[in-house]
Amino acid sequence: MLEISSYKIAQVILMARELGRAEGELRAFIDRLTEEEQASLVAVMWIGRGSFGADELEEAKTTAMNEATTPTADYLLGSPHLSDHLENGLDELGISVIDDEDDLVRGG
């Protein structure tokens, strides 16, 4: 089970797509997440890039918590294709953020 809402992941995805304009905002957003939310976000990204399978979500979250050596925002922003990996990870987990993204784009 993810310790972060799909709505928050959708926010990260949208900001990551606009990284040139939203990097500071994205860093601040990630920094305000709890450790559990940050670990879940990293786990989703790892699943999306193929480092873990969807059935290994709990292991991925535990690994993210135990092996964090840099600030999560630095780690995630240093990952090429962050938004794609997050979307792919959510797809693997059977979670859709299309409605959340639409709501955010409309100013929700």
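Residues numbered from 1 in each chain as written. Predicted model: local features only at pLDDT ≥ 70, side-chain atom pairs only at ≥ 80, totals over all residues. Heavy atoms only, no water.

Caption draft 1: Region of the structure containing the layout of surface pockets. For the largest pocket, the calculated volume is near 260 Å³. Ala64, Glu67, Ala68, Thr69 and Thr72 are the residues nearest the centre of the largest pocket, which is lined by 14 residues in total. Going through the elements one at a time, α3 (35-49), α4 (57-66) and α5 (72-77) are the ones with two or more residues in the lining of the largest pocket. For the lining of the largest pocket, the leading source of residues is α3, giving five residues. (1 Å grid on protein atoms, 1.4 Å probe; cavity = no way out; pocket = protein on both sides within 12 Å on 5 of 7 lines; lining within 4 Å. Points joined across faces, edges and corners; volume = space filled by probe spheres on them. Helix = DSSP H or I, 4+ residues; strand = E, 2+ residues; numbered from the N terminus.)

Caption draft 2: Geometry of the packing of aromatic side chains. What the rule picks out here adds up to two aromatic pairs. An angle of 25° between the planes, with centres 5.5 Å apart, marks the rings of Trp46 and Phe52 as stacked. Across the pair, Phe52 and Trp46 agree in class, each one buried. Look at Trp46 and Tyr75: their rings are 6.4 Å apart centre to centre, the planes differ by 85°, and that puts the pair in the edge-to-face class. Residue Trp46 is located in helix α3, and its partner Tyr75 is located in helix α5; the two are separated by 29 residues in the primary sequence. The exposure class of Trp46 is buried, given its relative accessible area of 10%. Taken together, the ring pairs connect Trp46, Phe52 and Tyr75 into an aromatic cluster. (Phe/Tyr/Trp six-rings, centres within 6.5 Å; stacked < 30°, edge-to-face > 60°. Buried < 20%, exposed > 50% of the residue type's maximum accessible area, 1.4 Å probe, protein only.)

Caption draft 3: Structural view of the environment of Leu104. Along the polypeptide, Leu104 turns up in helix α7 (residues 98-105). Not counting chain neighbours up to four residues away, the residues in contact with Leu104 comprise Tyr7, Ala10, Gln11 and Leu14. (Contact = heavy atoms within 4.5 Å.)

Caption draft 4: Inspection of the environment of Leu19 at higher detail. By the element assignment, Leu19 lies in helix α2 (residues 19-32). Between the C-alpha atom of Leu19 and that of Val44, which follows or precedes it by 25 residues, the distance is 19 Å. Setting aside its immediate chain neighbours within four residues, Leu19 contacts Leu26 and Leu77.

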